[in-house]
Amino acid sequence: MTIAALSSLPSYDGAELVIPAPGAGPGNWAGAASAVLVDGVFWLTWRNRRPLSDGRGVTVSVARSTDGVRFETVTEVHRDQFGCESLERPVLVPLPEGGWRLYLSCATWDSKHWWVDSLTADTVPGLPEGNRQVIHPGSDAVAVKDPVIAVDPVTQTWQMWLCCHPLTEPGHEDRMTTRYLTSTDGLEWHDGGEVLAGRPGRWDARGARVTTVVSRDPLVILYDGRADAESNWYETTGVARWDGSRLVADAEAAPVTSPHSDGAFRYASAVPLPDGGTRYYVEAAREDGAHDLITLVR
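Numbers given for residues are sequential positions, taken from 1 along each chain in its written order. Where local features are concerned, this predicted model is filtered to residues with pLDDT of at least 70; where side-chain atom pairs are given and counted, the filter is 80 or more; whole-chain, interface and lining totals use all residues. In computing side-chain values, all of the structure's heavy atoms are included and hydrogens and water are not.

Enquirer: Can you lay out the pattern of salt bridges for me, pointing to particular residues and giving the numbers?
Expert: Any Lys or Arg side-chain nitrogen located within 4 Å of an Asp or Glu carboxyl oxygen qualifies as a salt bridge. Here the structure, examined in full by the defined rule, presents 21 salt bridges. What emerges from the salt-bridge pattern is a single network uniting Arg47, Glu88, Lys145, Asp146, Asp174, Arg206, Arg209, Asp224, Arg226, Glu235, Arg266 and Glu283.

Enquirer: Tell me about the sheet that holds strand β13 (residues 177-183), and name the residues and values.
Expert: The 4 strands are arranged β11-β12-β13-β14 in an open sheet whose pairing can be described as antiparallel. Edge positions in the sheet fall to β11 (142-151) and β14 (189-196), since each of these pairs with one other strand and no more. Recorded for the sheet is a direction-independent mean angle of 25 degrees between the axes of neighbouring strands. For two strands to count as paired, DSSP must find a minimum of two bridges between them. Helix and strand labels come from DSSP, where a helix needs a run of H or I of at least four residues and a strand needs a run of E of at least two; each type is numbered from the N terminus. Note on method: axes are straight lines fitted to C-alpha atoms, helices fitted across the in-contact stretch only, with angles between N-to-C directions ranging 0 to 180 degrees.

Enquirer: Describe the environment of Glu252, and please don't skip the residues or the numbers.
Expert: Mapped onto the elements of the fold, Glu252 is located in the loop between β18 (247-249) and β19 (265-272). Taking the relative accessible area as the measure of exposure, Glu252 reaches 73% and is therefore exposed. The spatial distance from the C-alpha of Glu252 to the C-alpha of Glu188 is 38 Å, given a sequence separation of 64 residues. Each residue gets one of three labels from its accessible area relative to the maximum for its type: buried under 20%, exposed over 50%, partly exposed in between, using a 1.4 Å probe on protein chains only.

Enquirer: Lay out the pairing of β13 in plain terms, naming residues and giving numbers.
Expert: Across 7 bridges, strand β12 (residues 158-166) lies against β13 in antiparallel orientation. If you follow Trp158 over to β13, its bridge partner there is Ser183. Examined bridge by bridge, β13 and β14 share 5 bridges and lie antiparallel to one another. Within β14, the residue paired with Thr182 across the bridge is His190.

Enquirer: Got a sec to walk through unusual backbone geometry? Specific residues and values, please.
Expert: Between Asp217 and the following residue, Pro218, the backbone shows a cis peptide bond with an omega angle of 5 degrees. Assignment of secondary structure puts Pro218 in the loop between β15 (207-216) and β16 (219-226). Of note, the phi angle at Ser261 is positive, near 40 degrees, even though the residue is not glycine. Structurally, Ser261 is set in the loop between β18 and β19.

Enquirer: Can you tell me about the packing of aromatic side chains, naming the residues and giving the values?
Expert: Pairs were defined over the aromatic rings of Phe, Tyr and Trp, the Trp ring being its six-membered one, requiring ring centres within 6.5 Å. Orientation was assigned from the angle between planes: stacked under 30 degrees, edge-to-face over 60, tilted for the rest. Within this structure, the stated rule accounts for 6 aromatic pairs. Seen from their ring centres, Trp158 and Trp189 are 6.5 Å apart, and the 85 degrees between their planes marks the pair as edge-to-face. Taken together, the residues span a long stretch of sequence, with Trp158 in strand β12 and Trp189 in strand β14 at a distance of 31 residues. Relative accessible area serves as the criterion here: at 17%, Trp189 is assigned to the buried category. Lying across the ring of Trp233, Arg49 places its NZ or CZ 5.3 Å from the centre. Lysine and arginine charges are scored as sitting over a ring when NZ or CZ, respectively, is within 6 Å of the ring centre and within 35 degrees of the ring normal.

Enquirer: Break down the side chain of Ser61 for me, citing the residues and quoting the values.
Expert: With respect to the secondary-structure elements, Ser61 resides in strand β4 (residues 57-65). When its relative accessible area of 4% is taken as the criterion, Ser61 is described as buried. At 3.0 Å, the side chain of Ser61 and the side chain of Asn48 are in polar contact. The contact criterion used is simple: two residues touch if any of their non-hydrogen atoms lie within 4.5 Å. What Ser61 contacts, discounting residues up to four positions off in sequence, is Leu44, Thr45, Trp46, Asn48, Thr75 and Glu76. A 3.5 Å cut-off defines polar contacts: any pair of N or O atoms within that distance qualifies, except that in protein one atom must be a possible hydrogen donor and the other a possible acceptor, and neighbouring residues in sequence count only when both atoms are side-chain atoms.

Enquirer: Kindly report on the sheet that holds strand β17 (residues 236-242), identifying the contributing residues and their values.
Expert: One open sheet holds the 4 strands; their spatial order is β15-β16-β17-β18, and the pairing between them is antiparallel. Looking at which strands have only one partner, the edges of the open sheet turn out to be β15 and β18. Strand after strand, the sheet turns through a mean of 35 degrees between neighbouring axes, direction not considered. Note that β16 and β17 share 6 bridges and pair antiparallel. Considered in β17, the bridge of Leu222 is made with Val239.

Enquirer: Could you give an account of the side chain of Thr59, with specific residues and numbers?
Expert: Its location among the elements puts Thr59 in strand β4. Once residues within four sequence positions are removed from consideration, Thr59 is found in contact with Trp46, Arg47, Asn48, Glu76, Val77, His78 and Leu87.

Enquirer: If you had to explain the nonpolar core to someone new, which residues and values would you point to?
Expert: By nonpolar core we mean a set of buried residues, namely Ala, Val, Leu, Ile, Met, Phe, Trp, Tyr and Cys, connected to one another through side-chain atoms within 4.5 Å. Counting 19 residues, the largest nonpolar core has Trp43, Leu102 and Leu104 as its most contacted members. Those elements that provide at least two residues to this core are β3 (41-49), β4, β8 (100-107) and β9 (114-121). With 4 residues, the single largest contributor to this core is β8. In contact with Trp43, not counting residues within four places along its chain, are Ser34, Ala35, Val36, Val38, Val62, Ala63, Arg64, Val74, Leu92, Trp100 and Val124.

Enquirer: Can you break down the confidence of the model for the chain residue by residue, with the values?
Expert: Per residue, pLDDT captures the predictor's confidence, and it can take any value from 0 to 100. Counting all residues, the mean pLDDT for the chain is 95, and 97% of those residues have values of 70 or more. Across residues 1-5 the pLDDT falls below 50, and counting only partners more than four positions away or on other chains, this stretch makes 10 contacts in the model.

Enquirer: Quick rundown of the state of the cysteines? Include the residues and the values.
Expert: Only a pair of cysteine sulfur atoms within 2.5 Å qualifies as a disulfide here. Considering all chains together, one arrives at 0 disulfides under this definition. Free of any disulfide, Cys84 has its nearest neighbouring cysteine sulfur in Cys106, separated by 4.3 Å. Judged by relative accessible area, Cys84 falls into the buried class, the value being 1%. No disulfide involves Cys164; its sulfur sits 6.6 Å from the nearest other cysteine sulfur, which is in Cys163.

Shown next, in the form of structure tokens:
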């Protein structure tokens, strides 16, 4: 499968603004979002990020919508609740047995280390006061963040694609690969190993991070990548599919980018629609260097 053959691949064309950046200029980003459609309601969660000098990822918001474009904020989680320096991509999951779980990517103060935490509650508004449990602590050698989480509708197996940053070489912590994990409850996970990495000499040479599942059979995903360390935070989007043992990126196509400023087009989240289409949410660069959260249907 090539990118050209994937008719539902998102692009900047025809996108609508969902959440504007919290300020003007580089470093002000609304995005790193994930979304789910439950009983006709779109649930969206994203992080609000300011420049390094103004606090980085300070809060995560959760909102609802009936049309997928106009959202009403339901609740918010602040980084202070987790004692972390910054928050990155969150994931909101409706639990099979009822209730909700919010997964959060948390940065350890004064380090390059990240871990994945969680809050579980009966209702979305109750999440900030919900039961907290660390999902993956990372280690001295690896930072973990930006999970993509799904529950297989047939087997009820929980699946996670987890972004990993090696911490063993100072100055090179921005490199990233993706590992695949499974679980029976979404809390305790089994690591199935690396499934996606950057390709030397290509646009994704510095790293590859799964961002969303586009289809299950065959398994096709979108991922973020970049060519070098200088492009950190300005990732663009490619497509890969499962070959039976790992995810293989399209060999020929260029990545999808924003036409503005740093070109960032990242953290795509795909929501299947009842009519067979797909609504995407993407963090995309705008002309002044800020990043807005946009949506489009393909």
